[in-house]
Amino acid sequence: MAEFTGRNLHLVKKALAIAVLAIERQPGPFQSASDQSDMKTLLDDMIENDTERVARIAVTGEPD
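Residues numbered from 1 in each chain as written. Predicted model: local features only at pLDDT ≥ 70, side-chain atom pairs only at ≥ 80, totals over all residues. Heavy atoms only, no water.

Draft legend 1. Main features of helix α1 (residues 6–24). For α1, with 19 residues, the first-to-last C-alpha span of 28 Å sits near the 27 Å given by 1.5 Å per residue. When α1 is considered as a whole, its buried residues turn out to be L9, K13, L16, A17, V20, L21 and I23. (Helix = DSSP H or I, 4+ residues; strand = E, 2+ residues; numbered from the N terminus. Expected span 1.5 Å × (residues − 1). Buried < 20%, exposed > 50% of the residue type's maximum accessible area, 1.4 Å probe, protein only.)

Draft legend 2. Layout of the nonpolar core. With six residues, the main nonpolar core is built from L9, L16, A17, L43, M46 and I47. If you tally residues by element for this core, the top one is α1, at three residues. (Core = buried A, V, L, I, M, F, W, Y, C linked by side-chain atoms within 4.5 Å.)

Draft legend 3. Quick peek at the pattern of salt bridges. In this structure the tally under the stated criterion is one salt bridge. We note a salt bridge from K40 to E24, for which the minimum N-O separation is 3.5 Å. One end of the pair, K40, is in helix α2 (residues 33–46); the other, E24, is in helix α1, and 16 residues separate them in sequence. (Salt bridge = Lys/Arg side-chain N within 4 Å of Asp/Glu carboxyl O.)

Here it is, written out as structure tokens:
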């Protein structure tokens, strides 16, 4: 599995948060709940500090 650090890690976290938000906005049958759930779990595992949690909330609009 690839390991990301620095700016690349930041971009992966941001992309996951945006993807979760995009899936939430998809109508009914086009919304993949399993992908969304897995992405949220992965993002939660990657977030290391409160600053990153605040950034995630800003993107998703939801608290942890």
